[in-house]
Amino acid sequence: MPELFFEIGWIIVAFAAGLGARALRLPPLVGYLAAGMALAAVGVEGSAVIDRIGDLGVALVLFIVGLDLRLRNLLEMEVIGVSSLHIVLWTALVTGVGVAIGLPLVGALAVAAGLSASSLVLAAKSLEAQNDLRSYHGRVAIGIILVQTVVATTAIAAMGEPPSPWALAVLPLVALRPVLKRLLDAVGRGEMLLLFGLALATSGSLLFGAVGLSSELGALVAGALLAGTDRTGDLSEAVSGLKDAFLPAFFLSVGLVGLPDASGLIVVLGLLGLLVVKGALYTGLFAAFRLRARTAFLASMPLTTYSGLSLIVASAAVAENLLPEATLTALALATAASYLVNAPFARRAPDLWPRVAPWLETWQRSGRPRDARPETLGRARFVVVGMGRVGTAAYDYFADRMQCPAGVDEDPGRLAEHRSNGRRVLYGDARDATLWSDLGLDTVEAVVLALPDRESTLAAVRALREAGFEGPVSALTTDPDGRAALIDAGASAVYLSGEQVGHALARHGLRRRQRTVPAAVTLDVGAENRPSAPLRPSREATPMEA
């Protein structure tokens, strides 16, 4: 097939495959992988164009993950403990299986160590799709994969491909953080902010690759250099669109790995079967470290994949004549197939939890969990769920009127920030129905949902109603098509953010058209109708009500 097809046609193929997957209610990346496998089956080979664009998409994904990274998250006991024990137990199990099927001991050990790692790209993509990158279980999952990456990199070096002595030169890069912060403040917004993020992500990737380290790790470290700064969110949002445009090429290229022979296909099926063992082992270890069963399940789902690092380890082993070359093809297809199998389940993990909860909760250890939720809302009369900009404004509105509010959020970093500012914000996942039934909502008069996506908001509304809360539930959404679904689920009022601002601006203009308007007016949306009593949904201010 002409090379021109890969330069232009892959976009059409990716779009059609993603659209087909969406029609089947599957994540689009499943379509990209399936399209790659289908093309490989008819003899289509990979392309340097696809590989380069895909690599750039991966670099941007990991750059965004790095922006949310905190070093202290990697030093938590559950991250170090679970990752270490999982690597040891999994490596011992898979090495035994490899030796049993005839692989040399050292070669089987190398493959097992590589397969212990999970895909950072897929985990980040799945967690990002659920807005869970900053959640407790999201931070734990990403931290574990980073520890695995270090171990796999060590295994690669042991196979005869050690990093360059220049690798130590990356350590002083941390001194660039103040300079990068100033640059970030200086670039402003728009295309300059996008180019800054793109340049930083690619520079980190290329630098680490040049000294024999993982280029993916370089992109992540580049993002981590700016983690926690005031404009981290702006930078992440700026590069997000470009990441979404380039990443399909990565999954398409993964699907173009080719097909193994009959014996290789048996290996692939066996490795897919071992995925169940891998996920169960994670869940059991999380429970052993006193995490709640729900957290253990949600953290295990994005980890139940294989990583491309296994191919790098296996390649080094093949070069040392420790493995047959056919092993590479089988591992490549098993890695791609693990993405295909895992993606739908990881994406729907919160919805799947109620089905497995009765069984998994029997394995939860007694005593107070490490990720224990609050036991009471105290005397809170109003609860604000999601303490971002909108949620913080709602909380302060209640607090200024002595209405005794409480906030709920699942981002530990955000919790610490609000608590340092004197706000009463509790840890909790609003999608967890048991959270509301355990807390008790007897004193609560109304709940405000200021969550970042429609799916989370819809799940929170249902959880509140299932817990028996009968008071007003006000929800914010940016999706006009989702308003009816939120109302049907039990929301008392649904606010469409852009529409509400437009209405408020128009009302402000109408009411002041015959007055002398000051040169500068700061519009406080809804200030003209702000009641002194607790907020209740009003038909005038609400575009759709139950």
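Engineer: Give me the packing of aromatic side chains: which residues, what numbers.
Structural biologist: For the structure shown, the criterion picks out 6 aromatic pairs. Measuring from centroid to centroid gives 6.4 Å for Tyr 136 and Tyr 427, while their planes differ by 70 degrees, and the two rings are edge-to-face. With Tyr 136 in helix H8 (residues 136-158) and Tyr 427 in strand S3 (residues 425-427), this pair connects stretches of sequence that are 291 residues apart. The pair Tyr 136 / Tyr 427 is uniform in exposure class, with both members buried. Aromatic side chains Tyr 282 and Phe 286 sit 6.3 Å apart centroid to centroid with 20 degrees between the ring planes, which places their arrangement in the stacked category. Of this pair, Tyr 282 and Phe 286 both sit in helix H13 (residues 262-288), 4 residues apart, which is roughly one turn of that helix. Under the relative-accessibility criterion, Tyr 282 is labelled buried at 0%. Overall, the relative accessible area of 0% leaves Phe 286 in the buried class. Counting every residue linked through ring pairs, the aromatic cluster contains Phe 382, Tyr 397 and Phe 398.

Engineer: Hey, could you go over the confidence of the model for the protein chain for me, with residue numbers and the actual values?
Structural biologist: Scored by pLDDT, the protein chain comes out at a mean of 78, with 83% of its residues at no less than 70. In the model, residues 517-546 has pLDDT below 50 throughout and makes 58 contacts with residues more than four positions away in sequence or in other chains.

Engineer: Now, about a nonpolar patch on the surface: what can you tell me, with residues and values included?
Structural biologist: Together, Leu 93, Val 97, Ile 101 and Val 277 line one region of the surface with nonpolar side chains, adding up to about 310 Å² of accessible area. You can see Val 277 is positioned in helix H13.

Engineer: Quick rundown of the pairing of strand S1 (residues 382-385)? Include the residues and the values.
Structural biologist: Of the two faces of S1, the one lined by Phe 382 and Val 384 and the one lined by Val 383 and Val 385 are each fully buried. Relative to strand S2 (residues 405-409), S1 is paired through 4 bridges, and the arrangement is parallel. Residue Val 385 lies in a different strand from S2, and its bridge partner there is Val 408. Handedness of the S1-helix H18 (residues 389-400)-S2 crossover: right-handed. Pairing analysis gives 4 bridges linking S1 to strand S4 (residues 446-449), with the strands arranged parallel. Bridge pairing in S4 links Phe 382 to Ala 446.

Engineer: Can you explain unusual backbone geometry? Please cite residues and give values.
Structural biologist: At Arg 290, a position not held by glycine, the phi torsion is positive, near 65 degrees. Using a relative accessible area of 31% as the deciding quantity, one classes Arg 290 as partly exposed.

Engineer: Residues and numbers for the pattern of salt bridges, please.
Structural biologist: By the definition in use, this model includes 6 salt bridges. Overlapping salt bridges, with partners in common, bring together Arg 189, Arg 231 and Asp 234 in one network.

Engineer: Can you break down the pairing of strand S6 (residues 493-496) residue by residue, with the values?
Structural biologist: Taken together, the 4 bridges between strand S5 (residues 473-477) and S6 define a ladder with parallel strand orientation. By the bridge assignment for S6, Ser 474 is matched with Ala 493. The β-α-β motif built from S5, the intervening helix H22 (residues 483-489) and the parallel element S6 has right-handed crossover chirality.

Engineer: Describe the nonpolar core, and please don't skip the residues or the numbers.
Structural biologist: By size, the foremost hydrophobic cluster in this structure holds 89 residues, and its most contacted members are Leu 29, Leu 115, Ile 144, Phe 250, Phe 251 and Phe 286. If sequence neighbours within four positions are ignored, Leu 115 has contacts with Trp 90, Val 94, Leu 271, Lys 278, Tyr 306, Ser 310 and Leu 331. In this structure, Val 444, Val 461, Phe 469 and Ala 475 belong to the second largest nonpolar core, which totals 29 residues.

Engineer: Outline the packing of helix H3 (residues 48-67) against helix H12 (residues 232-255), supporting the account with residue identities and numerical values.
Structural biologist: In contact at an axis separation of 6 Å, H3 and H12 are set at 145 degrees when each is read in the N-to-C sense. Remark: the crossing between H3 and H12 carries left-handed chirality.

Rules behind the numbers
- All chains use their own residue numbering, which begins from 1 and follows the written sequence.
- Local features are withheld for residues below a pLDDT of 70 in this predicted model, meaning they are given only at 70 or higher, and side-chain atom pairs are given and counted only at 80 or more; totals for whole chains, interfaces and linings count all residues.
- Note that the side-chain values use all heavy atoms of the structure and ignore hydrogens as well as water.
- The criterion for an aromatic pair is that two Phe, Tyr or Trp rings (for Trp, the six-membered ring) have centres within 6.5 Å, with stacked assigned to planes under 30 degrees apart, edge-to-face to planes over 60 apart and tilted to the rest.
- Secondary structure counts use DSSP, requiring at least four H or I residues in a row for a helix and at least two E residues in a row for a strand, with both numbered from the N terminus.
- Categorising residues by exposure relies on relative accessible area from a 1.4 Å probe, with only protein chains included: less than 20% of the type maximum marks a residue as buried, more than 50% marks it as exposed, and the intermediate range marks it as partly exposed.
- Scored between 0 and 100, pLDDT is the confidence that the predictor attaches to each residue.
- Every residue pair with non-hydrogen atoms within 4.5 Å of one another is taken to be in contact.
- Surface patches are defined over residues having more than 30% relative accessible area and no salt bridge, joining like charges when they lie within 9 Å and nonpolar side chains (Val, Leu, Ile, Met, Phe, Trp, Tyr) when within 5 Å.
- Using a 1.4 Å probe, the Shrake-Rupley method yields the accessible areas, and only the shown protein chains count as cover for residues.
- We define a salt bridge as a contact between a side-chain nitrogen of Lys or Arg and a carboxyl oxygen of Asp or Glu at a distance within 4 Å.
- Following DSSP output, two strands are said to pair if at least two bridges run between them.
- Orient the strands so they point away from the viewer, and a crossover whose first-strand-to-second-strand path over the helix runs clockwise is right-handed.
- In this text, buried Ala, Val, Leu, Ile, Met, Phe, Trp, Tyr and Cys residues form a nonpolar core when linked through side-chain atoms within 4.5 Å.
- Between N-to-C directions, angles cover 0 to 180 degrees, with each direction set by a line fitted to C-alpha atoms, over the stretch in contact for helices.
- Each crossing gets its handedness from the near helix: less than a right angle anticlockwise from the far helix is left-handed, clockwise is right-handed.

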